[in-house]
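Overview (structure and organization)
What follows is each chain in one-letter form.
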Amino acid sequence: MLVVMKPHATPEQVEAVVERIRTLGLTPHPIPGTQRIAIGITGNQGGLEPDLFTTLPGVADALRVSQPFKLVSREVKEEDTIIDVGGTSLGGRELAIMAGPCSVESREQVLETAHAVKRAGARFLRGGAYKPRTSPYDFQGLAEEGLKLLALAREQTGLKIVTEVMDVETLPMVADYADVLQLGARNMQNFSLLKQLGLARRPVIVKRGPSATIKEWLMAAEYVVSRGNYRVALCERGIRTFENMTRNTLDLNAVPVLKALTHLPVLVDPSHGIGLRAHVAAMARAGVAAGADGILVEVHPHPEGALSDGAQSLTPPEFEALMREVRGIAQAVGRSI
Ligand code: PEP
Ligand code: MN
């Protein structure tokens, strides 16, 4: 249920509603808006009587939320969520450009990439220190050493760091180094990890599971938000289909569909989405044209020698060229970089 306060409701009136919700053994989620404050309620098994709240002073209305994903739905919050990442925004008019290697491999590799993507206009450096690899014999990431290199790159460039957290055990350490935590596609329904991310003090990018429906994906985001971490973004990274000419099928349908269903920022990862360097730029442009709030792109100074995902990594000059194109598209759809 969503309790909508009157535009001029006082803080005391809001507090009284919050208190009533707590007294019922439920969880209040105050959602500030430009016009008025609303308070989402979670924890109830069945429906609640609107009278429980509409009789309190300052309350305009109490509405049932029809979607199973409550707090992330547009029904509960009409305005787009803009996540503040230490002074840099994720969501809103300015596109969030995130770029960097699939894996952090060495000091030289990460610093060279960081400086290059920064020059080209990226505001976030992506790079994995803990890698979810299909084969146990493949490079698994540099672990904390990789996180330290990312922190060094941040120091030198001012870029915000986006890096994957793979499990509950390493979450506190990864959160110490990261500005934004990436929940990998393979972990989208790791419910213990989702619950802990709900308590984390960092924004979270929830990547879409390779065979997750949009609804399941939104429910994963709901896990995080319902635990109190409202700084969540979604990232479309391609789904499994019968098509095998490409690594995955980038589901660009998801972008406008999500923008209608949720207030959370929506990112597109064209690298994992198509898996082929030659076509990554086309899908990045398409993602921005479709209304994405940003892109997550793999860039490597020497893709042919990359320890993971070289085949889909752009070189720095390719990324720079892409950024020039994306600037034009951004402008055409009312966005900026
Ligand atoms: C990655 O971003 O390098 C990655 C492993 O992505 P995904 O979880 O989408 O496969
Ligand atoms: Mn990758």
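About the cut-offs
- Residues numbered from 1 in each chain as written.
- Chains lettered and ligands numbered in written order.
- Predicted model: local features only at pLDDT ≥ 70, side-chain atom pairs only at ≥ 80, totals over all residues.
- Heavy atoms only, no water.
- Helix = DSSP H or I, 4+ residues; strand = E, 2+ residues; numbered from the N terminus.
- Rg over C-alpha atoms; globule rule 2.2 N^0.38 Å.
- Contact = heavy atoms within 4.5 Å.
- Areas by Shrake-Rupley, 256 points an atom, 1.4 Å probe, with all protein chains shown as cover.
- Lys, Arg positive; Asp, Glu negative; His and termini not counted.
- Charge placed at Lys NZ, Arg CZ, Asp CG, Glu CD.
- Donors = N, O, S within 2.8 Å, 3.2 Å for Na, K, Ca; no water.
- Buried < 20%, exposed > 50% of the residue type's maximum accessible area, 1.4 Å probe, protein only.
- Axes fitted to C-alpha atoms, helices over the stretch in contact; angles between N-to-C directions.
- Left-handed = near helix turned anticlockwise from the far one by under 90°.
- Nonpolar A, V, L, I, M, F, W, Y, C, P; charged D, E, K, R; others polar.
- Core = buried A, V, L, I, M, F, W, Y, C linked by side-chain atoms within 4.5 Å.
- Domains from an automatic or database assignment.
- Near = heavy atom within 4 Å.
- Polar contact = N/O pair within 3.5 Å; in protein donor to acceptor, adjacent residues only side chain to side chain.

Let's shift gears to the overall build of the protein chain. Secondary structure summary: the protein chain contains eleven helices and 14 strands in total. Relative to the compact-globule value of 20 Å for 337 residues, the protein chain shows a C-alpha radius of gyration of 21 Å, a close match. The dimensions of the protein chain, computed from C-alpha atoms along their principal axes, are 65 × 45 × 45 Å. Of the contacts made within the protein chain by residues no fewer than 6 positions apart, 68% connect residues no fewer than 24 positions apart. When the accessible surface of the protein chain is totalled, it reaches about 14,300 Å², and 52% of it is carbon and sulfur. The positive charge centre, built from 37 side chains, and the negative charge centre, built from 37, are 1 Å apart in the protein chain.

Another point: the coordination of the manganese ion (ligand 2). Cys 102 (SG), His 272 (NE2), Glu 298 (OE) and Asp 309 (OD) make up the full set of protein donors to the manganese ion (ligand 2), lying at 2.0 to 2.4 Å. When the donor residues of the manganese ion (ligand 2) are listed from N- to C-terminus, their spacing reads C-x169-H-x25-E-x10-D. Pair noted here: Cys 102 is in the loop between strand 7 (96-100) and helix 3 (107-120) and Glu 298 is in strand 14 (residues 294-298), with a separation of 196 residues, a long-range link. Neither residue differs from the other here; Cys 102 and Glu 298 are each classed as buried.

Taken N-terminus to C-terminus, the directions of helix 3 and helix 4 (residues 144-157) make an angle of 35°; their axes are 9 Å apart at the nearest point. Along this stretch, helix 3 crosses helix 4, giving a crossing that reads as right-handed. In this structure, helix 3 contributes Arg 107, Val 110, Leu 111, Ala 114, His 115 and Lys 118 to the contact, and helix 4 contributes Leu 149, Leu 150, Leu 152, Ala 153, Gln 156 and Thr 157. Residue classes in the contact of helix 3 with helix 4 are distributed as seven nonpolar, three polar and two charged.

What follows concerns the nonpolar core. With 72 residues, the main nonpolar core has Leu 125, Leu 181, Leu 197, Val 206 and Phe 319 as its most contacted residues. In terms of residues, this core owes the most to one element, helix 7 (residues 214-226), which gives seven residues. Apart from the residues lying within four places of it in its own chain, the contact partners of Val 206 are Leu 183, Met 188, Trp 217, Ala 220, Ala 221, Val 232, Ala 233, Leu 234 and Cys 235. If you look at the next biggest cluster of nonpolar residues, it comprises 16 residues, including Val 18, Ile 21, Leu 26 and Ile 39.

In this section: the domain arrangement of the protein chain. For an interface, size is often stated in terms of accessible area lost upon the parts coming together. Along its sequence, the protein chain is organised into domain 1 (2-63) and domain 2 (83-332). Using C-alpha coordinates to define each centre, domain 1 is positioned 35 Å away from domain 2.

Looking at ligand 1, the residues that line it are Cys 102, Arg 126, Lys 131, Glu 164, Gln 182, Gly 184, Ala 185, Arg 186, Lys 207, Arg 237, His 272 and Glu 298. Between ligand 1 and Arg 126 there is a distance of 2.7 Å, counted from an oxygen atom to a side-chain nitrogen or oxygen. Between Glu 298 and ligand 1, the recorded distance is 3.2 Å, taken from a side-chain N or O atom to an oxygen atom. Within the complex, the protein chains bury 97% of what would otherwise be the 290 Å² of accessible surface of ligand 1. In the shell around ligand 1, the residues fall into two nonpolar, three polar and seven charged.

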